[in-house]
Amino acid sequence: MDPISEQLDTEKLLEEGQRKMDWARQHMPIMSSLRESFEDEQPFAGERIGMAMHVEAKTAILAETLAAGGAEVAITGCNPLSTHDDVSVALNATDGVTSYAKRGVDDEEYYEAMEAVIEHEPTMTVDDGGDLVFAIHEEYPELIDTIIGGCEETTTGVHRLRAMDDDDALDYPMFAVNDTPMKRLFDNIHGTGESSLASIAMTTNLSWAGKDVVVAGFGYCGKGVARKASGQNANVIVTEVDPRRALEAHMEGFDVLPMDEAAAEGDVFITTTGNRDVIVGDHFEKMSDGVLLANAGHFDVEIDLDALESKAEQTYEARDGLQAYEMADGRRLNVLAEGRLVNLATPISLGHPVEVMDQSFGVQAVCAREMVENGDAYDPGVHDVPDELDREVAEIKLEAEGIEMDGLSDTQEEYMDSWQHGT
Ligand code: NAI
């Protein structure tokens, strides 16, 4: 497959993509700081890094930072609808980076681009959702011997890798970047909350105030969506399958209902479970005219669109990024972004705020550095990110923000480590 620049008319796209990257770079102090040290130390010299991620401006800054550290980077998308073609073109024009990502690809093109990345014979992989690791294990196992390891960005990818690991089917080490405090407490909560609501509001031009918003799943992403929707004066209803999380939602003041009941209550439905078949056939029967259906979980399997389509009398594009399904009784159920990640896959979606991705990608970058420096210390399988790496990223961010904090005194450290102090 040809790189992006040979597929599209690039002149205008290049300029716009570079403008988006410039803006992102200005607001990513962690990446700037790491880039400086990578330029000096060249930790990735001689390494080939294969990436499958949402190719938009912030990801582009991660890719260029790894390239500035000496890597040869090959990148493609991890979702058929989340690529910004202008950024992909600009990235492809960056020294040391080849981009194959293009928006609106079909399944065949999506996997062709993934193969094109793999043909660079990566020595390290950076993934969002696990498709690249999976494709290498399925189709190119001969490359595994020369792969030092990799990093995974999201909850669903980490679940997938842990399932591979449990089956002894994961043959190189992977860092669970998603599971670090610097990622999950900011990206999943604030990032998904803010950007999902922003994408839905911008795509529909409708208000949150006074709406009944059903949030399926009260994990990290669901908490963010529920809290931010509540902050915009919506009434939030949570659905859950974990009793602790259902209780947590209740104690935070949200209504908790089974989806069977919530279906009749909601004006807007947002799934954040990482599971499948969360909103299905019978639920559609109970919904009111005009509801909005959106998914913020990684794959497009949370809302059963096949069932919806089979029930619909007709379907049409009501707005860019919004498909109306009209039922025989005249009700219109509106699906955003084809049921794909709503904060990344509508035509106006921008993904998470830049500051949030600076943190997530800061963790990615230090994990990639750790893999090249100490890869031998990690067996094949999923690994937690060493805490000192997560702290390093937090300290860079605090310094950039001019925020000072206390440190432990020697007496405090000794006290915290001791079991002998009592009343
Ligand atoms: P999590 O594991 O913290 O939360 C998922 C929650 O969904 C759990 O509390 C679980 O009990 C609940 N759940 C599972 N099946 C359910 C069902 N049938 N009905 C109701 N609740 C159910 O996971 P996290 O970190 O919140 O991630 C969720 C999904 O969002 C994953 O697919 C992840 O990859 C994706 N994600 C998306 C982002 C975005 O930009 N849109 C950013 C980060 C993660």
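Predicted model only: the values in this text are computed from it and were never measured. (Residues numbered from 1 in each chain as written. Predicted model: local features only at pLDDT ≥ 70, side-chain atom pairs only at ≥ 80, totals over all residues. Heavy atoms only, no water.)

## Structural notes on the site of the ligand
Next, step 1: The environment of the ligand is formed by 26 residues, the closest being Thr154, Thr155, Thr156, Glu240 and Asn343.
Next, step 2: Contact distances for the ligand include 2.8 Å between an oxygen atom and a backbone N or O atom of Cys221.
Next, step 3: Burial of the ligand by the protein chains amounts to 88% of its free accessible area of 860 Å².
Next, step 4: Elements supplying a minimum of two residues to the shell around the ligand: α7 (155-166), α8 (181-204) and α9 (220-231).
Next, step 5: Counting the residues that make up the shell around the ligand, at least three belong to each of domain 1 (4-183 + 352-401) and domain 2 (188-345). (Near = heavy atom within 4 Å. Polar contact = N/O pair within 3.5 Å; in protein donor to acceptor, adjacent residues only side chain to side chain. Areas by Shrake-Rupley, 256 points an atom, 1.4 Å probe, with all protein chains shown as cover. Helix = DSSP H or I, 4+ residues; strand = E, 2+ residues; numbered from the N terminus. Domains from an automatic or database assignment.)

## As for the sheet that holds strand β3 (residues 97-99)
Next, step 1: A sheet is described by the order of its strands in space; here seven strands give the open sequence β3-β2-β1-β4-β5-β6-β15, paired in parallel fashion. Each edge of the sheet is formed by a strand with only one pairing partner; in this case those strands are β3 and β15 (381-383). Taking the axes of each pair of neighbouring strands and ignoring which way they run, one obtains an average angle of 20° across the sheet.
Next, step 2: Here four bridges tie strand β4 (residues 124-127) to strand β5 (residues 149-152), and the two strands are oriented parallel to one another. Across the sheet, the residue bridging to Met124 is Gly149, located in β5.
Next, step 3: Relative to β3, helix α4 (residues 85-92) is tilted by about 145°, and along the sheet it contacts β2 (72-76) and β3. (Pairing = 2+ DSSP bridges. Axes fitted to C-alpha atoms, helices over the stretch in contact; angles between N-to-C directions. Contact = heavy atoms within 4.5 Å.)

## So, the packing of aromatic side chains
Next, step 1: Scanning all chains against the criterion turns up four aromatic pairs.
Next, step 2: Ring centres of Phe38 and Phe44 lie 5.2 Å apart, and the angle between their planes is 85°; on these two criteria the pair is classed as edge-to-face.
Next, step 3: Consider the rings of Phe218 and Phe254, whose centres lie 5.8 Å apart with planes at 65°: the pair is edge-to-face. With Phe218 in the loop between β7 (212-216) and α9 and Phe254 in the loop between α10 (243-251) and β9 (255-256), this residue pair connects regions lying 36 residues apart in the sequence.
Next, step 4: Residue classification places Phe218 among the buried residues on the basis of a relative accessible area of 0%.
Next, step 5: The aromatic ring of Phe134 is capped on one face by Arg160, whose charged end is 5.0 Å from the ring centroid.
Next, step 6: A cation sits over an aromatic face here: Lys223 above Tyr220, 5.8 Å from the ring centre. (Phe/Tyr/Trp six-rings, centres within 6.5 Å; stacked < 30°, edge-to-face > 60°. Buried < 20%, exposed > 50% of the residue type's maximum accessible area, 1.4 Å probe, protein only. Lys NZ or Arg CZ within 6 Å of the ring centre and 35° of its normal.)

## Structural notes on the UniProt feature "binding site: substrate" (unreviewed entry) in the protein
Next, step 1: On the UniProt side, "binding site: substrate" (unreviewed entry) is annotated at positions that read Asp128, Glu153, Lys183 and Asp187 here. Taken together, the annotated residues stretch across 60 residues yet fold into one region, lying no more than 13.2 Å apart by C-alpha.
Next, step 2: As for its position among the elements, Asp128 is in the loop between β4 and α6 (131-139).
Next, step 3: For Asp128, the residues in contact, after removing those within four places along its chain, are Ala52, Met53, His54, Cys78, Glu152, Glu153, Thr154 and His298.
Next, step 4: Since its relative accessible area comes to 5%, Asp187 is described here as buried. (UniProt positions renumbered as here; feature names shortened; annotations may be inferred.)

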